[in-house]
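A look at the structure
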Amino acid sequence: MEWSRFTEASRIAYFSMEIGLSQDIPTYSGGLGILAGDTIKSAADLQVPLVAVTLASRKGYFEQTIDSQGRQHEQPVNWEIATFMEQLPVRVTVPVEGHAVVVQAWLYRVKSPSGGVVPVLFLDTDVAENRPEDRAITDFLYGGDQTYRLKQEIVLGIGGARILAALGFHIFQYHMNEGHAALLTVELLNQTRNLSAATWTETLAFDRNAVVRRCIFTTHTPVPAGHDRFPYPLVQRVLGEDLIPLAQLRELGGHDELNMTSLALKMSRFVNGVAKKHGQVSRAMFPGYEIHAITNGIHPLTWASPYMVALFNRYIQGWALQPELLVRVDTIPDEQIWEAHQGAKAYLAQYIQEVTGQKIYLDILTIGFARRVASYKRNDLIFEDIERLLRLGEGRLQLIFAGKSHPHDENGKALIQRIHDFMHRLQGKITVIYLPNYNIDVAYRLLPGVDLWLNTPTRPLEASGTSGMKAALNGVPNFSVLDGWWIEGHIEGVTGWSIGAAPTELHADENSRAADATDLYDKLERVILPLYYDHPSDWVKVMKNAIGKNAYYFNTHVMMRRYVTEAYLQR
Ligand SMILES: *Cc1c(COP(=O)(O)O)cnc(C)c1O
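Since we're looking at a predicted model, the values are computed, not measured.

With that out of the way, let us pick up helix α17 (residues 440-449). α17 sits mainly inside the fold: seven of its ten residues count as buried. Those residues of α17 lying buried are Ile-440, Val-442, Ala-443, Leu-446, Leu-447, Pro-448 and Gly-449.

Shown next as structure tokens:
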């Protein structure tokens, strides 16, 4: 194997609990993992020297089915890691509950047409030497209880750092994509520990800076539940004190409990949120830290429908490796944009027919809404006033939903049921469809095929959001609450439309659900429906602007260049 190709250059190690590269490798749950996958693909395109580290998640996140009452059911995902990856001849151990757990790694190469290759290491504890319960540590992404999660984070952070060292990688920057991998900083501290120092307190004083200089942390959510916390008695039992005495860990990770976000914040020289507004919200959440903002993106070639790929290849050569060229979208004739979109819509209609048996019409305005189902996402906001929705939309609207709820999130599951209730109530008047098992493949079919992409989160809890960028790339304008990336991408009536007030708040309780719903209906009725049905050529202009003014900028190529110049190479 050409290992030297990987190990001779100094690299950035990109740690992420989940990575979503394709549906074949189901080691992701949603936005965070797909962002990680898209980031890695752009790094390969741009030949950025990166190595990625994640968990093997041998049973995936879960597969969603929904019964006739709208209840979500979860099944493990069966996939065979050896079909897709090569097992590496290296093993390390990590401490778990007072014994050593063996960690092995699988290699997947992400290859770009540019010639760039990014190795991705999938960490795995399913080896014969391990006890049965330890073999299961890398089975379920976000599964199990707090103890299980802590063990996974030991494998990811400590195991990941040790595997990289054992494989001979030279790492000059460690990038933590969310706090799950923050224990890697403890391992780095341990590796660089000044052995002659008399006490750990002195060690921290001397060597903390040596670690901080090498670490970068991206925080991804202002929702408190998104930040991992572990009680110290649990940490003491599971991690022990061999790597770091508890008293010292408390200084870094918080006094009352181990907060992985605090640990990552304390141990990183560069910290960022994932959109301008999220940077601002994060600075308010974590006073005293300098928190930058680098807006998320999507990998263009991954998310353009085959219809758009053909069109872009013909009119905008080179767009896939240089998506800024999409600024030239106006060189494409309007009719061809429309035809490509209708092609994607017909393909979606056929897919819906196969999966749910329902029919959608190609000449009716079709709104898409797909993302994780959680209370703050307000997935059901469009049903707030059902009479009004019927008055403005009967026979003129189709609604397509998709999304999983975390297995422990009862509120999220109830939301899925509510949407199904509305589906039945509106039957024959407004077609409502719920596509089960939202994943990369479903998104790839759904996003390009709808006419309008809806997003109605509680502000300011949507850190960035990326599905709207995938829609824009396919000429599908956004209709969204002003939060996350849309604050930056929105030009009213030009790239799409906003819902609700200007984004001035820093706290979720400043939202008005009723006011947002009213604005949603007003705009649909007075602006969006008339434009779609009565002024088709003006509608196509908005489609083109979504491509030329949103997608040309909100992509992982631009994002990766920003990480390189603002974080990785910045001293
Ligand atoms: C893009 C994507 C997401 C993230 O979408 P958001 O708009 O950020 O919520 C989640 N799941 C799948 C399958 C996706 O393709």
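Moving on, we come to the side chain of Asp-451. Tracing the sequence through the fold places Asp-451 in the loop between α17 and β17 (452-455). Look at Asp-451 and you get buried, because its relative accessible area is 1%. At 2.6 Å, the side chain of Asp-451 and the side chain of His-341 are in polar contact. Separated by 3.5 Å, the side chains of Asp-451 and Tyr-532 make a polar contact. When neighbours within four sequence positions are excluded, Asp-451 is seen to be in contact with His-341, Gln-342, Lys-345, Ile-364, Leu-365, Thr-366, Val-476, Pro-477, Tyr-532 and Trp-539.

Now for the nonpolar core. Ranked by internal contacts, the top residues of the largest apolar core, which has 86 residues, are Phe-383 and Leu-435. Per-element tally for this core: the top contributor is helix α20 (residues 513-534), with eight residues. Apart from residues lying up to four places away in sequence, Leu-435 is in contact with Leu-348, Tyr-351, Ile-352, Val-355, Thr-356, Ile-400, Phe-401, Ala-402, Gly-403, Val-442 and Leu-446. Among the nonpolar cores identified, the runner-up in size contains 70 residues, and Val-90, Tyr-142, Leu-184 and Leu-249 belong to it.

Those residues of helix α9 (residues 246-253) lying buried are Leu-246, Gln-248, Leu-249, Leu-252 and Gly-253. For α9, the angular spread of buried residues about the axis comes to 155 degrees, placing them on one side. Positioned one or two residues after α9, Gly-254 has a phi angle of 105 degrees, which is positive.

What follows is about the domain arrangement of the protein chain. With domains assigned, the protein chain is organised as domain 1 (10-64 + 71-194 + 203-296 + 559-568) and domain 2 (300-554). The C-alpha centroid of domain 2 is placed 31 Å from the C-alpha centroid of domain 1. In this complex, domain 1 contributes 36 residues to the contact, which on the side of domain 2 involves 38 residues. Carbon and sulfur atoms supply 57% of the area that domain 1 and domain 2 bury against each other, a total of about 3000 Å² over both sides. The tally of links from domain 1 across to domain 2 stands at three salt bridges. Residue Lys-277 is joined to Glu-505 by a salt bridge in which the shortest nitrogen-to-oxygen separation is 3.4 Å. Mapped onto the side of domain 1 that touches domain 2, the elements with two or more residues apiece are α2 (31-45), β3 (63-66), β4 (72-75), α11 (276-285) and α22 (556-568).

Next up on the list: the packing of aromatic side chains. A complete count under the given rule lists 19 aromatic pairs for this structure. Measuring from centroid to centroid gives 5.5 Å for Trp-3 and Phe-169, while their planes differ by 90 degrees, and the two rings are edge-to-face. Taken together, the positions of Trp-3 in helix α1 (residues 3-7) and Phe-169 in the loop between α5 (146-166) and β8 (170-177) put the pair 166 residues apart, joining distant regions of the chain. Arranged with centres 4.7 Å apart and planes meeting at 45 degrees, the rings of Tyr-61 and Phe-62 form a pair that is tilted. Across the pair, exposure class does not vary: Tyr-61 and Phe-62 are buried alike.

How each quantity is defined
Per chain, residues are indexed from 1 in the order of the written sequence. Since the coordinates come from a predicted model, pLDDT governs what is reported: local features require at least 70, and pairs of side-chain atoms require 80 or more to be given and counted, while whole-chain, interface and lining totals use all residues. Neither water nor hydrogens contribute to the side-chain values; these are computed over all heavy atoms in the structure. The buried label goes to any residue with under 20% of its type's maximum accessible area, the exposed label to any with over 50%, and the partly exposed label to all in between, with areas taken from a 1.4 Å probe on protein chains only. Think of it this way: any DSSP run of H or I at least four residues long counts as a helix, any run of E at least two long counts as a strand, and we number them from the N terminus. Whenever a nitrogen or oxygen atom comes within 3.5 Å of another N or O atom, the pair is scored as a polar contact, on the condition that within protein one atom can donate a hydrogen and the other can accept it, and that pairs from neighbouring residues in sequence are kept only if both atoms are in side chains. It only takes one pair of heavy atoms within 4.5 Å for two residues to be counted as in contact. We call a set of buried residues a nonpolar core when its members are Ala, Val, Leu, Ile, Met, Phe, Trp, Tyr or Cys and they connect through side-chain atoms within 4.5 Å of each other. Relevant arc is that of directions from the helix axis to the C-beta atoms, nothing else. Where each domain starts and ends follows an automatic or database-derived domain assignment. The buried area of a pairing is the accessible area, by a 1.4 Å probe, that goes missing from both parts when the two are put together, added over both. The salt bridge definition used is simple: a Lys or Arg side-chain nitrogen within 4 Å of an Asp or Glu carboxyl oxygen. Stacked, tilted and edge-to-face pairs are distinguished by plane angle, under 30 degrees for stacked and over 60 for edge-to-face with tilted covering the rest, among Phe, Tyr and Trp rings (Trp via its six-membered ring) whose centres lie within 6.5 Å.

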